[in-house]
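# Understanding the architecture of this molecule
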Amino acid sequence: MMSVFSLCLLLCADLLDLAVGYLTVTIEPLPPVVVGETVTLKCNFKTDGRLREIVWYRVTDGGTIKQKIFTYDAMFNTNYSHMEDYRRREDLVYQSTVRLPEVRILDNGPYECHVGIYDRATREKVVLASGNVFLTVMSPPNNISVVAENTPAPFSRYQAQNFTLVCTAKGGKPAPSVYFKRDGELIEVISYVQPSAGDQGGGSAGFRGARPLISRDLDETKLQRSLSLLDPESPSARLYTERPQRVHTQGLQASEPSPATEVIPETVVSREFPRWVHSTDPLYYFSHTHIPQSDGSVVVQARLTWTLNPQLDNDALFSCEVKHPALSMPMQTEVTLAAPKGPKLFMTPSRAKVGDTVRITVQGFQNEVFPEPLFTWTRVGGRLLDGSTEREGKDLILERVPAELNGSMYRCTAQNPLGSTDTHTRLIVFENPSMMKNTQGQNSGVSHKNAMGGLTWIALVLTVTVELT
């Protein structure tokens, strides 16, 4: 038999439960949504008490800050927004249900629903219960691009050099996966960890097992095969990690006989080709970095590095593809590697006169060029007008050209890691009538002064002679 004390406790508990009532709050979990979609946050609650209010919160900063977004006041049967931006389109659909049209990345995060009912005992105290849900907002990349790293860069026909394509995907959340293709075929890559700034000065430390690819034969009369071909047991080709020396076309031609095209006034185009060959197919090295952004998205930079072979890689089509769960199909951007051919030079003014400022500009090429070319200007058989031996840039400016430059020839060397091309143009300088007029005026003034001085001298001589007689 239960004691009287136990019966009293049970009776008190039942009476307390009837006084307070019960309240439970649950929120259905949400699947990931894509930016721009509409999301409905539904707060389910059960109670036998009288509803006081329902409040929705957005939780930020790891749960330390709770921002009210909507409130339903059951006493006055009204709902209103706490958002400072009144242009927001959130609205309370039905008491506890909030709809968020066109969600943004910033809407990503946890949300809480707080429900309050009146205490049956006092009718003044409010009993609260809450539930939470996490809203995951995905965003597909909004921009992808491919560039060549460390460009513009010179071409070397004697030395192999590394080449790196950088694919950048911006605006993705979560981070997308990035991969490269060549001529439509997926490239098999060797992943590596990109060295930090302090490790890059360590030569071959940047790549696993990297070493100079092959030695080169500088004899221009024949092409000897690389040492790796002579040794069948040698390992496959590796990336050439030494920084290639800056080689200019003018320096290469200094020891060669001057070509006959330099004395021809027409524009002449010549091309250079590498004096070496690869022994095997290149090895492609791949790395990527993730850079978090303030809006929650991630910028992904993927690098594809290999030892360039201009004879095989010229006109090769490389594409960067980006996969993301918010995309139904991959995004893609592509570039075609190409050496510069036939630069088109434009000179202003077209009829230069002595004293004019002449500008020679590269207006384009006979083909699309990638990566960006390096332009070098030289004067055939002498220095430039400012005394320098060469000048870099897309245009060459000659200020106040003297008559002595008439007939001088200028060479524009356009080069990228795939090849080099030279274009020559001759400067024709005409006489300047305005300068000749000024010169003639000055000469006339001097003659007039001399004539007046002569007449004065004659008058003085005649006066002295008359006085003496």
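First, a word on what this report is: a plain description of the structure on this page. This one's a predicted model, so the numbers in the text were calculated from it and none came from an experiment.

A word on the sheet that holds strand E18 (residues 284-292). Pairing is mixed across the open sheet formed by 5 strands, whose spatial order is E12-E13-E19-E18-E16. Bordering the open sheet on either side are strand E12 (143-148) and strand E16 (189-191), each of which pairs with just one other strand. The mean inter-strand angle of the sheet, taken between neighbouring strand axes irrespective of direction, is 25°. Note: E18 against strand E19 (residues 298-307), 8 bridges, orientation antiparallel. The residue bridging Pro 292 from the neighbouring strand is Val 298, located in E19.

Time to look at the sheet that holds strand E14 (residues 177-182). With antiparallel pairing, 4 strands are arranged side by side in an open sheet as E15-E14-E20-E21. Unpaired on one side and paired on the other, strand E15 (185-186) and strand E21 (331-336) mark the two borders of the sheet. Bridging between E14 and strand E20 (residues 317-323) involves 6 bridges; their strand directions are antiparallel. The residue bridging Phe 180 from the neighbouring strand is Cys 320, located in E20.

Applying the stated criterion across every chain, the model contains 10 salt bridges. The shortest N-O distance in the salt bridge between Arg 52 and Asp 73 comes to 2.8 Å. Taken together, the residues span a long stretch of sequence, with Arg 52 in strand E4 (residues 51-60) and Asp 73 in strand E5 (residues 65-73) at a distance of 21 residues. Note on accessibility: Arg 52 and Asp 73 belong to one class, buried. Linking Glu 112 and Lys 66 is a salt bridge whose minimum nitrogen-to-oxygen distance equals 2.9 Å.

Procedures and definitions
Residues numbered from 1 in each chain as written. Predicted model: local features only at pLDDT ≥ 70, side-chain atom pairs only at ≥ 80, totals over all residues. Heavy atoms only, no water. Pairing = 2+ DSSP bridges. Helix = DSSP H or I, 4+ residues; strand = E, 2+ residues; numbered from the N terminus. Axes fitted to C-alpha atoms, helices over the stretch in contact; angles between N-to-C directions. Salt bridge = Lys/Arg side-chain N within 4 Å of Asp/Glu carboxyl O. Buried < 20%, exposed > 50% of the residue type's maximum accessible area, 1.4 Å probe, protein only.

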